[in-house]
Amino acid sequence: MKLLQLHVDYIDYRPIEKEIEGAEASSGPERVEDAVVCFVSVEEGDDDGVAVRAVEELKASMDELKASRLLIYPYAHLSNRLAPPSRALALLRLMEDKAKERGIEVHRAPFGWLKSFELKLKAHPLAERFKEIGGEAVPKALVAEEKLKSYWYIITPEELIPVDEFDFSNYGDLERLARYEMAKSRAEHVIPPHVELMKRLELADYEPGSDPGNMRYYPKGRLVKSLLEEYVTEKVVEYGGMEVETPVMYDSAHPSLSSYLNRFPARQYMVRSEGKELFLRFSACFGQFLMAKDAELSYRHMPVRLYELTRYSFRREKRGELSGLRRLRAFTMPDCHALCADMDQAKEEMVRRLKLSMEVLEGVGLGGSYELAIRFTKDFYEQNRDFVHRLVGLVGKPALAEMWEKRFFYFVLKWEFNFIDSLGRASALSTDQIDVENGERFGIKYVDRDNVKRSPIILHNSPSGAIERVMFALLEKAYKDMKEGKVPTLPTWLLPIQARVIPVSGVHLEYAREVMERLDGSGVRVDLDDREETLSKKVRRAEMEWVRYIVVVGEEEVKSGRISVRDRVKREVRRMGVEELIKEVKKEVEGKPFRRLPLPKLLSKRPTFHPL
RNA sequence: GCCUCGGUAGCUCAGCGGGUUAGAGCGCUGCUCUGGUAAGGCAGAGGUCGCGGGUUCAAAUCCCGCCCGAGGCUCCA
């Protein structure tokens, strides 16, 4: 809503003729003296809240001007994205009522008329003002969510225990999760440890030239991220996911999409193009649902599993919510939907996906580092008690449960695995939901056994959660280890540099290069520190870069043909043959994706993106 | 978005009750050292003091706005 506010000695206006069909009845010409005239354009997306705020702002500036008389004057020329006339008129009337309630003497010029006017503006600095109210409509889901009523429990395979009655003595992280979810966390003025690490290890960094929450990934970060992406994708394909790719932006005027937007509590990035308002996807749902709607589906195909690794999904989170790799505005999310014929099939499928998610977290190195939270409506719980407790049983430890009195979201049950970081905050990783709305909303149909078309129940699973968030959790976990006196590291298959060859002096460089090439040729991610530095200094640097195997070669190694290997994790130096080391690394990374080092192998040739 | 705190060399930070050429360590460049498992020695280069505006004879230092970061409110992948 746009407001042009003028403090006038007088204004005369005269309705000439109706401009639109929905024009109001006119009460004829009017003269208002010593008043504030407010020219108003009501814009697309303005709601009652905008009108109310507009009146509050008007009231405030009228108090300042010591004015008590207001003329609300519909004026379409302040905006090129006007609301429909009926909506505009409704809001103008609302403004009139609200202003009266605030004790203002209100006049209002008729809506929908061609009018002429003449006015005399008061000559003082505050006499002319322009205001813009709203601009962004808060999705209804965000507003409604705040009012949502829910009850908290600890759930075990057998029972549901009110949170206050549960003995947390052996469940520290679960208690932290419950605290975090139910209450507000206390203020801690600390830079998150993973932010420090992501920079120091040259993985990722903030990009001030973009929008907050959009990161840059250096070669090592891109490598780690690629490996995780590849791993998760392989696991999902193995489970039966069909990998697809869909657009990153969608028309917000599309009927199914706009109604879905109102059911999802998040803010969107908007892009304008050729008169369209496009929003950037916050998940892969749209693309996959639109694809499923156009597909020919039979009960024989169910469950149908569509998978996409979104690079990116976008959510315009509030500034204060953004935090390193933990919470971003652009993030990479594996998103796998399963279209299920009925609730029984959906439940069975959800069990498979819970297992898949556990395997994936185990594989990336977060096995055992998460707590389950499970949320459901009261109705669903009462009808599916056994199933809910069975899910909890699969994870094998008590979990946090939230029970909603009524269904507000599109799902009836949702679970997440939460990682608890060193600051006691919970972050969701894997998640799955049982969606009972969107099959119908998007017009997705399958032909059932009885030749009737039905809409499927849809599961929304991210087996790992956002890839960036997995990186966050791995770094936070390493930090926790460090605090406990252990060596902070990543799983070997994710280490940017698995092995580094260091010659004792320049004369051993050629031999060192041979050793490096043998390792490289066997699929070990290796490099060579050929800089003119002391041995100690080069070892120190390798340690700080979290290189797992530090291979030193000098006179003795040249003679014996064996190498000296410093194992950073086991904290020991061993002598072995090159083949032995290769075998050991291979065993460490078995079954995991491999990528070559995307950096010059010689340290002397390598630029620094972020100093240690 | 709002509230609180911060932004000085590539990095980490000192200086900031206004006033000569803005400092340190690390990193970088050069020289020296040919060194056996977490920092060898010497020298040098490098700064729009976040950006813009204001106050002042004079601003890194005081004031305002903006940008970026951290924390909170809030919410999630």
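Residues numbered from 1 in each chain as written. Chains lettered and ligands numbered in written order. Predicted model: local features only at pLDDT ≥ 70, side-chain atom pairs only at ≥ 80, totals over all residues. Heavy atoms only, no water.

## Things to note about the overall build of chain A
The condition that has to hold: The numbering of helices and of strands both runs from the N terminus, where a helix is a DSSP run of H or I of at least 4 residues and a strand a run of E of at least 2. Each residue is assigned to one of three classes by its accessible area relative to the maximum for its type, calculated with a 1.4 Å probe on protein chains only: buried under 20%, partly exposed between the two thresholds, exposed over 50%. Note on areas: these come from Shrake-Rupley sampling with a 1.4 Å probe, and a residue is covered only by the protein chains present in the view. For the purpose of counting charges, residues Lys and Arg are taken to be positive, whereas Asp and Glu are taken to be negative. His and the chain ends are not included. Every charge is mapped onto a representative atom, which is NZ of Lys, CZ of Arg, CG of Asp or CD of Glu.
Scanning chain A for helices and strands turns up 17 helices and 28 strands. With respect to the three principal axes, the spread of C-alpha positions in chain A is 105 × 65 × 50 Å. Every one of the 612 residues in chain A was classed for burial, and the buried ones make up 55%. Carbon and sulfur atoms make up 48% of the accessible area of chain A, which totals about 28,400 Å². Positive and negative side-chain charges of chain A, numbering 100 and 102 respectively, have mean locations separated by a distance of 2 Å.

## A word on the sheet that holds strand β11 (residues 242-243)
What counts here: We treat two strands as partners when DSSP finds at least two bridges between them. Residue contacts are defined here by distance: any two heavy atoms, one from each residue, within 4.5 Å place the two residues in contact. Only the stretch in contact is used when fitting a helix axis, every axis being a line fitted to C-alpha atoms; angles between N-to-C directions are given from 0 to 180 degrees.
Ordered in space as β8-β7-β18-β17-β19-β20-β23-β16-β15-β11, the ten strands form an open sheet in which the pairing is mixed. Across the chains shown, the open sheet's two edge strands, defined by having one partner strand only, are β8 (160-162) and β11. Lying over the sheet, helix α4 (residues 172-182) contacts β7 (150-155), β17 (371-377), β18 (399-404), β19 (411-420) and β20 (426-435), oriented at roughly 45° with respect to β17.

## Some words on the nonpolar core
Our working rule: By convention a nonpolar core is built from buried Ala, Val, Leu, Ile, Met, Phe, Trp, Tyr and Cys residues, the set being connected through side-chain atoms within 4.5 Å. Note: domain ranges come from an automatic or database domain assignment.
By size, the foremost hydrophobic cluster in this structure holds 95 residues, and its most contacted members are F376, L413 and V501. Two domains each put at least three residues into this core: domain 2 (143-248 + 281-474) and domain 3 (492-605). If you look at the next biggest cluster of nonpolar residues, it comprises 28 residues, including M1, V50, L70 and L89.

## Regarding helix α15 (residues 535-544)
Rules: Working note: the arc is built from the helix axis to C-beta atom directions.
Among all positions in α15, only K538, V539 and A542 are buried. For α15, the buried positions fall inside an angular range of 100° around the axis, keeping them on one side. Pointing more than 90 degrees away from the buried face of α15 are the exposed residues S536 and R540. Buried residues along α15 sit in contact with β24 (499-503), β26 (549-553) and β27 (563-567).

## Concerning helix α9 (residues 343-364)
For clarity, the threshold we go by: Here a helix's expected span is defined as the number of its residues, less one, multiplied by 1.5 Å. Each polar contact in these results corresponds to two N or O atoms within 3.5 Å; when the atoms are within protein, one needs to be able to donate a hydrogen and the other to accept it, and residues that are neighboring in sequence are counted only if both atoms are side-chain atoms.
Compared with the 32 Å implied by 1.5 Å per residue over 22 residues, the 31 Å span of α9 between its first and last C-alpha is a close match. Measuring from the side-chain oxygen of the N-cap residue of α9 to the backbone nitrogen of D344 gives 3.2 Å; that N-cap residue is D342. Immediately beyond the C-terminal end of α9, within one or two residues, lies G365, with a positive phi of roughly 100°.

## Things to note about the packing of helix α6 (residues 219-239) against helix α13 (residues 467-483)
Stated formally: Angle categories: roughly parallel below 35 degrees, roughly antiparallel above 145, roughly perpendicular from 65 to 115, and oblique for all the rest. We call a crossing left-handed when the near helix sits turned anticlockwise from the far one by less than a right angle, and right-handed when that turn is clockwise.
Where α6 contacts α13, the axes come no closer than 10 Å and their chain directions differ by 115°. Looking at the two axes, α6 sits roughly perpendicular to α13. For the crossing formed where α6 meets α13, the hand is right-handed. Of the residues in α13, those in contact with G221, V224, K225, L228, E229 and V232 of α6 are I467, E468, V470 and M471.

## Digging into the pairing of β26
For β26, a buried count of five out of five residues is recorded, marking the element as mostly surrounded by other parts of the structure. Going residue by residue along β26, you find Y549, V551 and V553 tucked away on one face and I550 and V552 tucked away on the opposite face as well. Inspection of the sheet shows β24 paired to β26 by five bridges, in the parallel sense. Across the sheet, the residue bridging to P503 is V553, located in β26. Summarising the sheet, β26 and β27 pair through four bridges and their orientation is antiparallel. Directly across from V552, in β27, lies its bridge partner S564.

## Section: the environment of E476
Structurally, E476 is set in helix α13. Taking the C-alpha atoms as reference, E476 lies 9.5 Å from L423; in sequence the two are 53 residues apart. Not counting residues up to four positions away in its chain, the partners in contact with E476 are P192, P193, H194, F419, D421 and S422.

## A closer look at the domain arrangement of chain A
To keep it simple, the criterion reads: Values labelled buried area give the accessible surface lost by two parts on being combined, using a 1.4 Å probe and summing over both. Salt bridges are identified by distance alone: a Lys or Arg side-chain nitrogen within 4 Å of an Asp or Glu carboxyl oxygen. Put simply, Ala, Val, Leu, Ile, Met, Phe, Trp, Tyr, Cys and Pro go in the nonpolar bin, Asp, Glu, Lys and Arg in the charged bin, and everything else, Gly too, in the polar bin.
According to the domain assignment, chain A contains domain 1 (2-137), domain 2 (143-248 + 281-474) and domain 3 (492-605). If you average the C-alpha positions of domain 2 and of domain 3, the two centres end up 38 Å apart. Contacts between the two partners involve 16 residues from domain 2, matched on the other side by 15 residues from domain 3. Contact between domain 2 and domain 3 buries roughly 1,500 Å² in total, counting both sides, with carbon and sulfur atoms accounting for 73%. Summed over the three residues of domain 2 that lose the most area to domain 3, namely K220, L223 and L227, the buried surface amounts to 39% of that side. Inspection of the region where domain 2 meets domain 3 yields two salt bridges. Across the pair K220 and E545 runs a salt bridge, and its minimum N-O distance is 2.9 Å. The interface formed by domain 2 and domain 3 includes four residue pairs in polar contact (both at pLDDT 80 or more). The greatest single-element share of the side of domain 2 that touches domain 3, amounting to nine residues, is contributed by α6. Considered class by class, the residues forming the side of domain 2 that touches domain 3 number eleven nonpolar, two polar and three charged.

## Looking at unusual backbone geometry
Residue P303 is reached from M302 by a cis peptide bond, and omega for that bond is -5°. Relative to the helices and strands, P303 resides in the loop between α8 (285-293) and β15 (304-314). Unusually for a residue other than glycine, E202 sits at a positive phi of about 55°. Tracing the backbone through its elements, the reader meets E202 in the loop between α5 (193-200) and β9 (204-206). According to the relative accessible area criterion, E202 is buried, its value standing at 10%. Residue E274 is not a glycine yet carries a positive backbone phi of 45°.

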